[in-house]
There are 2 protein chains.
Amino acid sequence: MSKFGFIERQTKGFINIDPLQTGGKLSEEAKKALVEWGDGYSVCDFCAGRLEEIKTPPIHDFIEALPDFLGCDIARITNGAREAKFAVMHALSKPNAWVVIDGNAHYTSYIAAERAGLNVAEVPNTGYPEFKIEPDRYAEVIEETKRKGDVVLAVLTYPDGNYGNLPNARHIAKICHDYDVPLLLNCAYAVGRMPVKMKEIGADFIVGSGHKSMASAGPIGVLGMREEYAGQLLRRSEKYKNKEVEFLGCTARGVTIMTLIASFPYVVERIKQWDKEVEKARWFSEKMEELGIVQLGDKPHNHDLMFFESERLYEISKKAKKGRYFLYRELKKRKIHGIKPGLTKHFKLSTYMVPKEQLEVVLNAFGEILEKYS
Amino acid sequence: MSKFGFIERQTKGFINIDPLQTGGKLSEEAKKALVEWGDGYSVCDFCAGRLEEIKTPPIHDFIEALPDFLGCDIARITNGAREAKFAVMHALSKPNAWVVIDGNAHYTSYIAAERAGLNVAEVPNTGYPEFKIEPDRYAEVIEETKRKGDVVLAVLTYPDGNYGNLPNARHIAKICHDYDVPLLLNCAYAVGRMPVKMKEIGADFIVGSGHKSMASAGPIGVLGMREEYAGQLLRRSEKYKNKEVEFLGCTARGVTIMTLIASFPYVVERIKQWDKEVEKARWFSEKMEELGIVQLGDKPHNHDLMFFESERLYEISKKAKKGRYFLYRELKKRKIHGIKPGLTKHFKLSTYMVPKEQLEVVLNAFGEILEKYS
């Protein structure tokens, strides 16, 4: 029992470049909301039966404000991006049907499809070194797949979580619609970081992650949709007429939605700084390349999430005392967190909201490490 | 935008007798955990790919400790009790199959079944004034239902969320097994409040709610099962061999699990005081009856959640200035929170962890209100 109770977080005071974490750091407002709304069912103080209709706190107003932010017709709160994808796939699923997914998709897109009983067809990327998703390949894969069965949905990861690539989503949406296939954008790394509007792109669903990119405690996600899919997605229970089946009545019924709401004004402001974030990412990428660490994926890069390749670090790992953990240990010593233990040849990181001075510390660290072991 | 940001909670400083909320108030340890682990994907600092295997913080150890607490073989964390019920039903579902549910079930048991494509057969309660679920009725309903199709699961709400009734769960488990039907106990109002062990009862699944009864921020739930169901429930993805499909890989991947862990030692201790909680509930019920407010359901009562009936308050509501909202307003004036606005004839409340002095304030309030309007 002594192992449980309050536990300290070990990465406090570290420079954090973990792609999973840079967009989910709480705003000051969200930190206050945590404490205020921490108790279990705190948001249910004045609930009349539907999360979406809670007036105090203003959950209703927030859910009404989301479509403008997401560029969609109707929005819902989910327990995360993966749960949003599953809700869509489950609602659209039919026996023997298919979903077409980009080859850079997050693993949860596959698993949501598996859980929803859908077969998966994959749109391959272009391979090394750019790993791009080309719109025309969607046409090919949809066409092939339609011969095997109904294609009920296409998914595009925008950007993907490995390379941070931003494909031509408009073109992909157009192709999907030419084949009468609705398109879901998985924007877990976009919504809350950069400007993105579902209908400007021409998609039918958009999914975002509160804990990944909206400065919120988790798990929580947002789901936007076109009105024409509301009948399927927002189907009400036969017995409980005010409850939506795909959301099991209520989803993020606690502190997670209050931190999402608390950070919302902050998030709306920070996406206006996106150009600067891209500029900073490109600067970081260049500096890494000067050290001989090559950035893969879109180039010049358009997102803070970047994938790097280093033959030199890999060579060092073969001889270093701690083996492939040497890089992790060297970075830890310098209070830099976020590159997975054991990785040396290929690793990803994020520069999002990390001050340039801190990124300079990271660059110097890589420089020192390379020098130390050469 | 000014509506969002940090929002104050309006029930601070109130005596809280809301059944949804009395068991979900954070422990001191959990309040500290909130602040420490508030950032989005904070628990993923040292994750190697599976929530259940995270060593730092000790999520792995916690999930290993849960079966002993729940009296089951294997446990998992879910995004809530309803999500746990859905996972079980979805994993066991077959076309045209049925689930047998007690007539006092929470609405989410029905909706989980609807979402999982299962038909629902209901075991009726005995009606006014006790609304009991009698074990033998399970036999009747299972027998009838088996003529229509496979019965893949039975559900018992233990206790239910309306009357706080605790049926003879052991007897019901035995009956279900006589018909080869596994039994799921929905213990959202039991696990974390009172001692309850799945295998002592003889059930096959047990579901608990962190935010409802385990002093945790939400949404979060626990699911316990017998090993023989692990194959279905913990099925791994075909493509991602370390990810469990029914849990979409990871569930409560954030601060919610850290508050659950923080409160765990506190919860383990507090359930030892259950007898005193029952005694206090019975005392409260007696005092309410002295005021002419009748407690329905099990009597003497065995749980802190109680349902009351008052003809007098109902009569007053017909003539009072604020109509049926008079009771809510009178209680609010006295800083008592938890009885739904608009209810007078029938309402529920919970005495769980509410100090006797505060319950005396509540009793005095009812006395004063009855006197004022008589």
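This one's a predicted model, so the numbers in the text were calculated from it and none came from an experiment.

Q: Give me the domain arrangement of chain A: which residues, what numbers.
A: All names here are of chain A. Domains assigned within chain A are domain 1 (15-22 + 272-372) and domain 2 (28-269). Once you take the C-alpha centre of each, domain 1 and domain 2 turn out to be 29 Å apart. Domain 1 puts 22 residues into the contact, and the matching count from domain 2 is 23 residues. Summed over both partners, the interface of domain 1 with domain 2 comes to about 1,900 Å²; 48% of that surface belongs to carbon and sulfur atoms. Sorting the residues of domain 1 by area buried against domain 2 places Lys272, Asp298 and His303 first, and these three jointly supply 28% of that buried surface. At the boundary of domain 1 with domain 2, the tally comes to 3 salt bridges. Between lysine 132 and aspartate 298 there is a salt bridge, with its nearest N and O atoms 3.0 Å apart. Where domain 1 touches domain 2, the interface holds 14 residue pairs in polar contact (both at pLDDT 80 or more). When residues of the side of domain 1 that touches domain 2 are traced back to their parent elements, those giving at least two are β10 (305-309) and β12 (346-350). Ranked by the residues each element gives to the side of domain 1 that touches domain 2, the list is headed by β10, at 4 residues. Residues of the side of domain 1 that touches domain 2, tallied by class, amount to 9 nonpolar, 7 polar and 6 charged.

Q: How would you explain the interface of chain B and chain A if you had to name every residue and give the values?
A: On the side of chain A, 89 residues touch chain B, which itself brings 89 residues to the contact. Summing both partners gives a buried area of about 7,700 Å² for chain B against chain A, and 61% of it is carried by carbon and sulfur. Connecting chain B to chain A are 14 salt bridges. Across the pair Arg9(A) and Asp45(B) runs a salt bridge whose closest N-O atoms are separated by 2.8 Å.

Q: Any chance you could break down the packing of aromatic side chains for me, citing the residues and the numbers?
A: Tallied over the entire structure, the rule returns 31 aromatic pairs over all chains. Residues Phe326(A) and Tyr373(A) carry aromatic rings whose centres are separated by 4.9 Å and whose planes lie at 65 degrees to one another, so their mutual orientation is edge-to-face. Of the two residues, Phe326(A) is situated in helix α13 (residues 326-333) and Tyr373(A) in the segment after α14 (356-372); the sequence distance between them amounts to 47 residues. On the accessibility criterion, Phe326(A) (1% relative accessible area) is buried. The structure contains a cluster of three or more aromatic residues connected by ring pairs, namely Phe4(A), Phe62(B), Phe69(B) and Phe264(B). Across from the ring centre of Tyr314(A), 5.0 Å away, lies the NZ or CZ of Lys345(A), which sits over that ring. Over the ring of Tyr107(A) we find Lys243(B); its NZ or CZ atom is 3.9 Å from the centre of that ring.

So, how was this worked out
- Here the residue index of a chain counts from 1 through its sequence in written order.
- Written order determines the labels here, with chains lettered from A and ligands numbered from 1.
- Whole-chain, interface and lining totals are the exception, using all residues; otherwise, since this is a predicted model, local features are given only for residues with pLDDT of at least 70 and side-chain atom pairs are given and counted only at 80 or more.
- Excluding hydrogens and water, the side-chain values take into account all heavy atoms of the structure.
- Where each domain starts and ends follows an automatic or database-derived domain assignment.
- The contact definition used throughout considers only heavy atoms, calling two residues in contact when any of these lie within 4.5 Å.
- Summed over both partners, buried area is the accessible surface (1.4 Å probe) that two parts give up on being assembled.
- Salt bridges are counted wherever a side-chain nitrogen of Lys or Arg sits within 4 Å of a carboxyl oxygen of Asp or Glu.
- Two N or O atoms form a polar contact when they lie within 3.5 Å of each other; inside protein one atom must be a possible hydrogen donor and the other a possible acceptor, and for residues adjacent in sequence the pair counts only when both atoms belong to side chains.
- Per the convention used, a helix needs a DSSP run of H or I reaching at least four residues, while a strand needs a run of E reaching at least two, with both numbered from the N terminus.
- Amino acids outside the nonpolar list (Ala, Val, Leu, Ile, Met, Phe, Trp, Tyr, Cys, Pro) and the charged list (Asp, Glu, Lys, Arg) are all regarded as polar, and Gly is one of them.
- Pairs were defined over the aromatic rings of Phe, Tyr and Trp, the Trp ring being its six-membered one, requiring ring centres within 6.5 Å. Orientation was assigned from the angle between planes: stacked under 30 degrees, edge-to-face over 60, tilted for the rest.
- With a 1.4 Å probe rolled over the protein chains alone, any residue whose accessible area is under 20% of its type maximum counts as buried; one over 50% counts as exposed, and the rest are partly exposed.
- Definition used: whenever NZ (Lys) or CZ (Arg) falls within 6 Å of the ring centre and also within 35 degrees of the ring normal, the charge is taken to sit over that ring.

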